[in-house]
Structures are given as structure tokens and as C-alpha cells.
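Topology and contacts: notes
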Amino acid sequence: MNLAHQLFTQKKYNEASQQISTLIEKTSGNDKKIVKLKSHLALCEYMKTGRTQPEEYLETLNGIVKQFSKDLTTADLGYVIYNQAIVNYQLKRYQRAATQLESLRKNVGSLDPYLGFEATYLLLKLSIENNHISQANELISLIENQFFQTNTKNNQKNSGLQTRNQNKNRQRLLMLKIKLSLCCSEHNKAELFVNQLQEIKNRNLQQQKENQIEKINEKTLLIENLSLNMMRCKIENSKMNLEEAKNNLWGLSKTMENSKTEERNHSNFWSSFYNNLGCVELKNNKPGSALFYFKKALLANSQICKNEKTVNNFSKDKRSEIMYNTGLCLILLEKPQNAFQFFQGALVCLYNRPRVWIRLAECCLLEHFRLTKDKEQVGSLNRLVKKVIGQGKYRTVILQTGIGPNDGLNINEESVSFEDIVSSNVGDLQFHGIPVQSMSLDYASKAASNSILISEKLLKIINNQNQKTSTTSNNNKNSKIDENNKTQKNEFKIKKENENGIEKQKNKEKTNTNHTNLNTLKNGKTNIDLDNLSKNDQSLKQDLEHGLLLFSYISLCCQNPVTALSSAKMLLNYNPDPYREYLANLYAAEACCLLNNPNLAKEYISQSLQKRRYQVEKLLKGPKNLKIMSPKEYESNWSDCVTLLNLAFVLILQNDIQTASEYIKQASRMFPNSPLVLLSCVYLELSNGNNQNALELLKSCHAFYPLENSQK
Amino acid sequence: MTTLLQFDELSKLQQLLQEESTPFLQIGRKVSQTFTSEQHFSICCSLTIMFREGFLKKKTERIISLFILFKLLPIESLFQFENKSQNKEEENLYKDKKKDNSIFPPFLPVLINIAQNNHKYNENQYESCFVSICLSDPNSDLLKESPDQLNLTNIGDLEKFYPQSSRINLKDLSNKFSQIEANIPLTNKIGISPSIQDPENEKGSKLATNDLLQYQLTTNEFKPSFVRPSPSLLKPFDNELIWIDYEDETLLPLWDQTISIVKTNNDQFITLLKKAFTSQLSQPEQQQIIVILENEPKILKECKATSENITNLVEKNPTISFEILKLFLQDEENKSICFNSLLNTKVTLHSMEVINKLSSGIKNLPKDFLNRYVSNCISSCREIYDKYIQSRHVRLVCAFIRSLMNNSKLDIQSMSSELQTFCLEFSRIRDASNLFRLIKSQIK
């Protein structure tokens, strides 16, 4: 067996597999040994293909697990499970990899220490990448206690970990600690770890010099990462010094260019470099410049895609991440159509991030607003009157009709032909095989519901973990959480909108369904406790709330008051911030009107009226650094005016014209020149048969002067 | 805003409304011929608006418009509905289906209101009587008449077509439809006409009716709408931009080393080497030694060569001997032991094989060593008494010497006499005589 291992390390895979095959033939009866031999054989075969056949390798490993899982323990199958996880990780099937690693983590005590460390390390990496902060912290303490404790008991246990490896592993762990600290915006902590890492690095270099080892000048992965992370520290730091960060990045790129090592040809360095430069520029409030760098990053990344399709290259392909950044940049530049295409590209790998779905829904809505504004004739006073026809005593004024907030984007999705998919063109870059769905309200609705379902699922998991840590844990609890996760997994079905050649590998992970599961929305109830969330998990809460708000709004646009009402009710149950509460109440009220329940609508409107306006206004100002499209409706005390107009509308439905006119008068005092207020006033006069008053109102506001001028 | 009827459709409809002298039944046929079923809804909408907004001034026009509305009703469903409603069970069944608007002719409520004479559009009792007759008896003789044949001022003339016995129960129908009406959203009921008369003076010319109608024939009504503020873009959170750390860490599947008791390479090598000194190694063991030496050539530094060990190694494991000796010879301390051991080793096929490999594999192999070894070989031939074994051994020695000569490793000048003597001594063996000729030629 040792010979086989030697051959394997010398990359003589053919000879190694022959050796193992001979051993398999000779071995009988010992299941443990057979499992190991078979897994080695599979590994040799996999490596023989240059890691281009991961599916076949996974299939073999699955077969081994299936065959022996009854008789052997998880620890016995540890290496097989770990290898399954690593391939899934490289294929970016993070959920599946995490499940497999989680089973190993539970048995970490009985695993070979080498495997135990690697499995926990990979799980930690996954947790950080997926922003599961509490889990990541748990894993760090597990690694430190289990593998790096220096007491004698553990020394015995850790005999498998050589000192050299232990040092290397300490550095790897420090890297992840830096990442985690940055995720949690704990910049000082991150800087501390960076310094620790630097110290270790310096010590190693010193030792190398002393030992006169040749590799003194070799630029290692560690230095690159160190520099990048140090820069990131500076960017994220509250004492933000973006220019310095930018200079550092350029400095690093020059070092790379001058480097005589092969690394200068590494496309993944350049793609990450330009991407990070784009991030700096966007943080610096320069979206145009950021877009330029993101495009360069995508071009550099496309080199990776052109290379041989090995698992390694696939895992280095950061297209989705760069596309997400580009999409965000474009949405801030008010280019929702282009942003939509990039977010669709980002979905390929980031489909389980609720924020991507939210951004997709927002793109559709921004486009909807744009189209509505184009069509919206009541947008300005002089468009209240559509036409004046006839002359003299036959003169007739035709008022504008039939235009409302629903007349924007198409409701239904349009099917996109294969040719369109293949030739999908994003700006001046062509990305073959990236699917592009058409923008529609239906798609927006699905995207919003996906964001709700994903964030809800993630919050449930966090809730479960919080409960687990707060109460005395017992073995039964773990199994319960597992069961919960399993049931959630079944409930949680994401509508997969995107697929392309490479991504077919992930098909099984994405559950296909044409209908989003809206059971939770139908009853409008929630069982998630959102009060005890950490600072980092607050963004998930925001995603959930915003997803519900979008879903409610889009449902109204799609003339689906039932789902609009239920999602608004669900949002109100989560105690959202005043801005969202205000909007949710209004959406619920409109849905009630459409469902012929004006009394309930009135209740919702009065709830929205109770909210202190200044809170809403404060929130509506938006971030300082980034240009956000903020609808004009939210300016000053417009929110109160909207509430009054809506109350009047409900009273009109109830045929209480007199009270309605009082509210409209109040609104008119606040915004006398608002077309919406004027429209309500004209309507009231006409319903009372006061045509002359209505005409005078229109004339006093110069509502149809431009038309008359054009006629003359 | 899209109009309900195109200009040509409106003209055709207006032509039909002018057919005063054509019997109603014939007008009905013309309607079917002129308009497709897809146009029926637009026609009915337009007629309703024209009727309501007072565009139809002439009594005959109004009557014809009511008839067309009636004619375009899917009247069968009306009677089905009437029959079904008598049966309670079926009525319950029907209730489940009442959301299905296709069962109810959408313009029937307009006609019922007119028939009940309580509709605001109705200006004339005559019209309500006409509609009632149509609804009660779709095959009434009245429809064989033309509009101008009817005395549109005298309701009594119509009464004869409307016997008490066959009168439809309008109240029942009206109640049923009020139930259906309750399901229509209130927001759809608050609309009013978008046109406002705004006379400037008494003068002015009337526009062509069709021009005016083009703007007014629309399903859209003027009404306020619920103000729906749109949600703003979600503020990007701090870590939303994805920062990509350049990583060159290639994660590979792991090799399970727990399968056997894991020994260090050092331990394994020493074990195998010890074995090699005493016995013949198996093929995999020999291969393992070679692999270890390839990976860690310095491993041999920790081993000391002894004369006995090397003699045994060469004799028992000639294949790996070369690899081991090659490394031993790099060490000054082991070098002399090795050469001495090799010179003291019995001359066999194995030892000659090893020396031959050494001569070609190692540069600067001392010529003196080779000369002494060749002398040993020659002496060994003489020491064999069995003729058969001797001749076989001589042939091997000859082949060995020839190989050295071919590779120019042997100093022939210094050994010429000894070699020639050996050849002459065993000249009976062809290989020796051949070697002799070769030596002679090389000396020349």
C-alpha cells in the first residue's frame, strides 16, 4: 500500500491504480480495508483524468458509501465522505458539501486527526463564505481545542499532525480568522490577526535564511493573501482610506507583474485584482470607474473559463461573484436592464443568496417604474386632460383615464429562445451560455418569493443554532435540528431560472419547480424569532422584510390582492422598521379594497397614519455614499398626503363622498398642485354633478393649457 | 388609451343603426354577417356607451341598438340559468360556478335595467317594453317588424306582442344578478365618464359624430386610484460587494494513510535495506526502495556501508545494487569500502552486471578499480576446474570485457598483455578468440 502511495505522490497514477487493483484482488473479508482500497483506486482513476471527470468520481464514492454505510461507521468512511465533500465544494455545491462535512464534524473525535482537521477547516471555510458567523465561531474554537492544544493529552492524539503541518495549519486558520473578522466588520480584530500572520511569516523567512533553504525569494500564497487582506482591512476600516487601498492594490499588481514566478500568468489573480479594484472604486462612489474594472475582471476571468475544464479551474472561476458586483454597479447607475442580465449570471452560483433574488426583483421593478413613468399621463398637471375636442357649444373635455401603477412591465414572462440564450450580450462582453430570462412582473414576483423563502430558511437555521447554544445541548437536540433542516430542505424549493452547460453539474442541488412554495405566505404567520439576531444576521432580516415588501407590491401590480395582503400581513408580524411598516399597511389596505373590504382597508390606513413621519423620512434619505433611486413620493410630508388620499379613496368606495371630500381638502392644503390631489378633487366635483367646478379646477391649475395652445 | 372600435367598424355599426326599414330579424342577420364573434364584446360596449352618453338621439337608433345588444346575448345560457335556479341542489352547484362569468352574458344587466324601467339610460317606457318582449320571447312576432313600422310613441301598440302569460320575471333575474354584482370589486364601480361638456359659446360646428365617438368609446373610466408608493431600492449593506481573495490553495481529495501502520520512509527504507543485505527482495519491495531513493536520496546518508553487506547486496539484489551503490559512492567514507568490497566480491554474473552498470552510470569511475576487477575476473576463470562451467564463465567474462571496451571504460594499453594472455589461454572458446582480435585491432 505504501508503494501505491509513493507512486501516487509521484503522480504515477496508472502504476498506483494497478498496484491497488492487485491488492483488492488479494484482500477479502475486511470491509474497512476494502473501502479504503476502493476509494484509493477511485482517487487514482480521478487523478489520471486530470480531475476532469468529477461526476464519475463522485458516483464511485457514492457507490462505496451506499455499499458500506450499513456495516461501517461514519469515521470508517471518513475519507470517502471528505473526498465527496471536497469535490462538491469545488463544483460549488456548497450546501451538499456542508451537509457531508457536518456529518464528519459530529464524529470529529473518532476521526484520524489529519482528516479531522481538514474536514473542520473546510467546513469553516464554507461557513464563512456563506456568512454563517455563529457556526464559524464554533468551528474555530473546535479546531483550536481539538487540534492546537499543547497539553500532553492532546499531544498524544495529535501525533499524526506533524509540527511542520501544524504551523502551516495555524497559518491557514489565521487566514480564515481574518476573513471572518472582516465579515463581522471587526476590523481591529482582523488587523490583529494580520499582524500575527505577518509575524509567523517573518519567523519562517528567518528560519529559511538560517537553514539556507533555497526558497527564500519564492512568493507564496500567504503573502498575496496577506497583502490583499491587509488592504481589505483598510477599506473596511472606519478610518477608510480608499486612495491608500487603491495604491496598495496597484503596488501589488506591479509586484505580480515583476514576479518571475508563473503566477504572473494566473488569470485568477488578475480577475480578483480588478474585481477588488472595482469594489474600492464603488465604495469611493465612482460607479463608472468601478464598472470599467469589473468588466476587466470579467475579461480576465474568461481566460480561466477558456482553460481546460478541470475541477480546479471551475472552482477558480469567479464569474458569478464579479457579475454580482457588476450588476450592483449597474443598478446604482440606473441601468436595470443590463443589471438584470448580470444578476442572472450571478445566479448560476449565488442562487442561494436572498440578496441576488431581491436585486433581480428590483431590476424588474425599476424597469416597471421607468415604463410606468413613460406611460403615466397623470405624472404632470398638464396631462390630466387628454384632449379637448369640438368648438363653441360642442366643446368637450376628455379626461385622462386608464393609467395606473400597473401599466408598466409585462406581467407574463416571455419564453427566450435557445439562440437568444447563446448570444446573450452584456454590454460589450459576450458570455456564451448564460441564460437570460425576460424581465416581467411574473419573474419579479418569483424572484421576490425566492428571496423570502431562502432568507426564511437561513433565519430558521440561525434561530435553531441560537437555541442550541443558549440551552444545555444534548444529543437528541442535534438530531432534531437535523430533522428540521431536512424538512426545511424539502419545503424549500427554489425555482431555478438559470441553467447552462457547466452549471448542469449543479442541477440536482437546485430543486426545480415552476411554482414557488407560498404556504407560509398564505397564512401570513411567522414562527421565526428575529429579535435576537447578531449584527451580521440583521442583513438577512432585512432581506426577508424587503422581499416581503417587494412581493406584496408586485402582487398588487399583478392584480393579485390575496398574496399581496398575506405577504404584507406577514411583514407586519415581523415588526419591520417604520418605513416598511408604513408601506406594508398601505399595500394591505389596497389589497383589502380590491377584495371589497373597505372597512379593513381603513384600519390598515389608520395604522400607517399613526407612524411618526420623521422616522420614515429619516430612513428614506438612503445611504450617503451611494446614489440610490428614491421615489419622489417619499419626499417631505408626502407620506401623510398619500394616506389622506387613500383614506378618501376608501370612503369613495363606501359612497361616503362627503367625508372623502374633507380628507381630499386636507390633502389639497398640503399639496395643492399635486396631480393626484387635483384628480381626486375633479372626480369629487364630477360625481356631485358639478361639471363646471371640475372644469374651473382644471383651468385654475392650467391642466390643459398646453393642449389648447397646441390646438391653436 | 385604446378605443373600442376602429373607424371602419364604427361606420359599419352606424350604418346598421340607420336600417330603419329593415325588419329586426334581418338586422340581426346583418349583424352576424358584418361582425365576427371576437368583435361582439367591443360592439356591445360601444352600444352601451353610446346609449348611456346620449349619442343615439333618434328613437329608431336606440331601439336598433337595444335589439343588437339583445341579439348578441348568448340567450341560451340565460334560459339555462332560469331553469337551473328552480332546482335547489343545482342552484347550490351553480353557486360554486358563479365566479365563472362566461355563464352570464355581461350585457344582460344593462338590458334588465332598461326592461325594469329604472335605469338612468332609459328615457322611454317604450324601450323597456321592447326589451322585456325580447327577453321573454326571443322569437316574438315583433321582431318580424321593422323599426319604422312600429309606432314608437304609443306603448299600447307594443303591448299586443307582450301577453301577461309569457312575461319574464325580471325581479328574479335582477336579484340573481345583484348577487353576482356583489363579487365585482368596488374599485370597478366608481368610474365615471371621462368627457365633460365645456361649451364656450352658442356658436361652433359639431364635429363629425365618428370623430367624437372615437375618443369616447373606451372601457376606461375616469376615477381616482389608490396611491401605491413604490418601495425604494434596498440599501446595499457593508459586505454586499463581493471581495475576491486571491487563493492559490488547491484542495485535493485526501489519500487515506491509515490503511496500514504508517511508517516513515526512513523506517521503511532501513527495514527493506536490512532485508536486502540478507535475502532476495520481492519485485514490489525492490521497486519501493527505488521509489524512496528517488524521492529522498539523502536517506542513505544515515546508513553505513560494510564490506559484507555490499557483497551480499550485489549477489542477492543486483537490480537495486546499482541505485544504492551509486549513492554510497557519493560519500567519501563509504566510497573506499564500496570499492574494496566490490573487488573482494566473488566474480559472478550478478557482480559483473553491477560493475558494468556502474561503469556506464558513474562518471570518473577509477580506471585502476576497473583494471583490478577485470584481473579478478580473469583469475576467477582459471580457478574453475569444471570445463563446462569454466567455458560458460569465460564467455561471460569476455562479454563483460567487450562491453567495457565498447564503452571505452577499460585502459587496454595497460592491460593488453594480461588480456591477450587470457584470450590465448582460452582460445578454444570462440568468444575469447573474438576478444583477442578486438584487442589487437584496438591496440593498432
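Conventions adopted
- Residues numbered from 1 in each chain as written.
- Chains lettered and ligands numbered in written order.
- Predicted model: local features only at pLDDT ≥ 70, side-chain atom pairs only at ≥ 80, totals over all residues.
- Heavy atoms only, no water.
- UniProt positions renumbered as here; feature names shortened; annotations may be inferred.
- Helix = DSSP H or I, 4+ residues; strand = E, 2+ residues; numbered from the N terminus.
- Buried < 20%, exposed > 50% of the residue type's maximum accessible area, 1.4 Å probe, protein only.
- Contact = heavy atoms within 4.5 Å.
- Areas by Shrake-Rupley, 256 points an atom, 1.4 Å probe, with all protein chains shown as cover.
- Salt bridge = Lys/Arg side-chain N within 4 Å of Asp/Glu carboxyl O.
- Nonpolar A, V, L, I, M, F, W, Y, C, P; charged D, E, K, R; others polar.
- Pairing = 2+ DSSP bridges.
- Polar contact = N/O pair within 3.5 Å; in protein donor to acceptor, adjacent residues only side chain to side chain.
- Core = buried A, V, L, I, M, F, W, Y, C linked by side-chain atoms within 4.5 Å.
- Expected span 1.5 Å × (residues − 1).
- Axes fitted to C-alpha atoms, helices over the stretch in contact; angles between N-to-C directions.
- Parallel < 35°, antiparallel > 145°, perpendicular 65-115°, else oblique.
- Left-handed = near helix turned anticlockwise from the far one by under 90°.
- pLDDT = per-residue confidence, 0-100.

Looking at an unreviewed UniProt entry, chain B carries the name CCR4-NOT transcription complex subunit 11, with the source organism given as Anaeramoeba flamelloides. Quoted verbatim from the Sequence similarities (unreviewed entry) heading of the UniProt record, the comment on chain B is "Belongs to the CNOT11 family."

Chain A has the name Ccr4-not transcription complex subunit 10 in an unreviewed UniProt entry, where Anaeramoeba flamelloides is given as its organism. The UniProt entry for chain A carries this comment under Sequence similarities (unreviewed entry): "Belongs to the CNOT10 family."

Attention shifts here to the overall build of chain A. Across its full length, chain A carries 33 helices and 4 strands. Expressed as a percentage of the 712 residues in chain A, the buried residues total 54%. Considering only residue pairs separated by 6 or more positions, chain A has 66% of its internal contacts joining residues 24 or more positions apart. Of the roughly 31900 Å² that chain A leaves accessible, carbon and sulfur atoms contribute 45%.

Take the interface of chain A and chain B next. Contacts between the two partners involve 143 residues from chain A and, on the opposite side, 76 residues from chain B. Summed over the shared surface of chain A and chain B, the result is 3 salt bridges. A salt bridge links glutamate 240 of chain B to arginine 355 of chain A, with the nearest nitrogen and oxygen atoms 2.6 Å apart. Classifying every residue of the side of chain A that touches chain B gives 79 nonpolar, 34 polar and 30 charged. Looking at chain direction, strand S2 (residues 396-399) of chain A and strand S1 (residues 195-197) of chain B are connected through 3 bridges and run antiparallel. Directly across from valine 397 of chain A, in S1 of chain B, lies its bridge partner isoleucine 196 of chain B.

It is worth spelling out the environment of lysine 36 of chain A at this point. Residues and elements named next belong to chain A. With respect to the element layout, lysine 36 can be found in helix H3 (residues 31-48). A relative accessible area of 14% means that lysine 36 is categorised as buried. Each C-alpha atom, one on lysine 36 and one on leucine 77, is 8.2 Å from the other, the two residues being 41 residues apart in sequence.

To continue, consider the side chain of glutamine 390 of chain B. With respect to the helices and strands, glutamine 390 of chain B occurs in helix H19 (residues 387-406). Reaching out from glutamine 390 of chain B, the side chain makes a polar contact with the side chain of arginine 428 of chain B at a distance of 3.0 Å.

Residue and element names in this part refer to chain A. Counting residues in hydrophobic clusters, the biggest one holds 129 residues, and the most contacted among them are Ile331, Leu399 and Ile554. Ranked by residues supplied to this core, first place goes to helix H29 (residues 638-653) with 12 residues. Among all residues touching isoleucine 554, those that are not within four sequence positions of it are Ala361, Leu365, Leu441, Ala444, Ser445 and Ala448. Core analysis: the next-biggest nonpolar cluster, separate from the first, contains 66 residues, Leu72, Leu111, Leu122 and Leu123 among them.

Residues and elements named next belong to chain B. Compared with an ideal rise of 1.5 Å per residue, which puts 20 residues at 28 Å, H19 spans 28 Å between its outermost C-alpha atoms and is within 8% of the ideal. Of the positions making up H19, those classed as buried are Gln390, Ser391, His393, Val394, Val397, Cys398, Phe400, Ile401, Ser403, Leu404 and Met405. Looking at the buried positions of H19, the neighbouring elements they touch are helix H17 (349-361), helix H18 (367-382), helix H20 (412-425) and helix H21 (430-443). Capping the start of H19 is the job of one residue whose side-chain oxygen sits 2.9 Å from the backbone nitrogen of tyrosine 388: aspartate 386. At the C-terminal side of H19, serine 408 shows a positive phi close to 55 degrees.

Next up on the list: the packing of H29 of chain A against helix H31 (residues 675-687) of chain A. Residues and elements named next belong to chain A. Closest axis-to-axis distance for the H29/H31 pair is 11 Å, and the angle between their directions is 25 degrees. Accordingly, the angle class assigned to the pair H29 and H31 is roughly parallel. Crossing geometry of H29 relative to H31 is assigned as left-handed. Of the residues in H31, those touching H29 at Trp638, Cys641, Leu645 and Ile652 are Leu676, Val677, Ser680, Tyr683 and Leu684.

Taken together, the 3 strands give an open sheet; going across it, the order is S1(A)-S2(A)-S1(B), and neighbouring strands pair in antiparallel fashion. The sheet terminates laterally at strand S1 (385-389) of chain A together with S1 of chain B, the two strands that pair on one side only. On average, each strand axis in the sheet is tilted by 20 degrees relative to the strand beside it, whichever way the strands run. On the sheet, helix H32 (residues 691-700) of chain A packs against S1 and S2 of chain A together with S1 of chain B and is oriented at approximately 105 degrees with respect to S1 of chain B.

Before going further, it helps to examine the confidence of the model for chain A. Detailed conclusions should not be drawn from predicted coordinates in areas where pLDDT is low. Residue and element names in this part refer to chain A. Per-residue confidence for chain A gives a mean pLDDT of 73, with 66% of residues at or over 70. Per-element confidence in chain A is highest for helix H25 (residues 561-573), whose mean pLDDT is 92, and lowest for helix H20 (residues 418-422), whose mean pLDDT is 41. In the model, residues 472-522 has pLDDT below 50 throughout and makes 103 contacts with residues more than four positions away in sequence or in other chains. Taken as a whole, residues 706-712 scores under 50 in pLDDT and shows 6 contacts with residues more than four places along the chain or in a different chain.

Turning next to the packing of H19 of chain B against H21 of chain B. Residue and element names in this part refer to chain B. Look at H19 against H21: their axes get within 9 Å of each other, and the N-to-C directions meet at 25 degrees. With respect to their mutual orientation, H19 and H21 come out roughly parallel. In this structure, H19 meets H21 at a crossing whose hand is left-handed. Along its contact with H19, which presents Val394, Arg395, Cys398, Ile401, Arg402 and Met405, the element H21 presents Asp431, Ala432, Leu435, Leu438, Ile439 and Gln442. By residue class, the composition of the contact of H19 with H21 is 8 nonpolar, 1 polar and 3 charged.

Right, let's get into the confidence of the model for chain B. Residues and elements named next belong to chain B. Mean pLDDT over chain B stands at 77; residues scoring 70 or higher make up 79%. Here helix H6 (residues 88-97) stands out as the element of chain B with the lowest mean pLDDT, 44, in contrast to H19, whose mean of 89 is the highest. With a pTM of 0.66, the predicted complex shows an ipTM of 0.74.

All names here are of chain A. In terms of strand pairing, S1 meets S2 through 4 bridges, oriented antiparallel. In the strand pairing of S2, valine 388 is matched with valine 397. Where S1 hands over to S2, the hairpin turn is made up of 6 residues, of which glycine 390 adopts a positive phi near 75 degrees.

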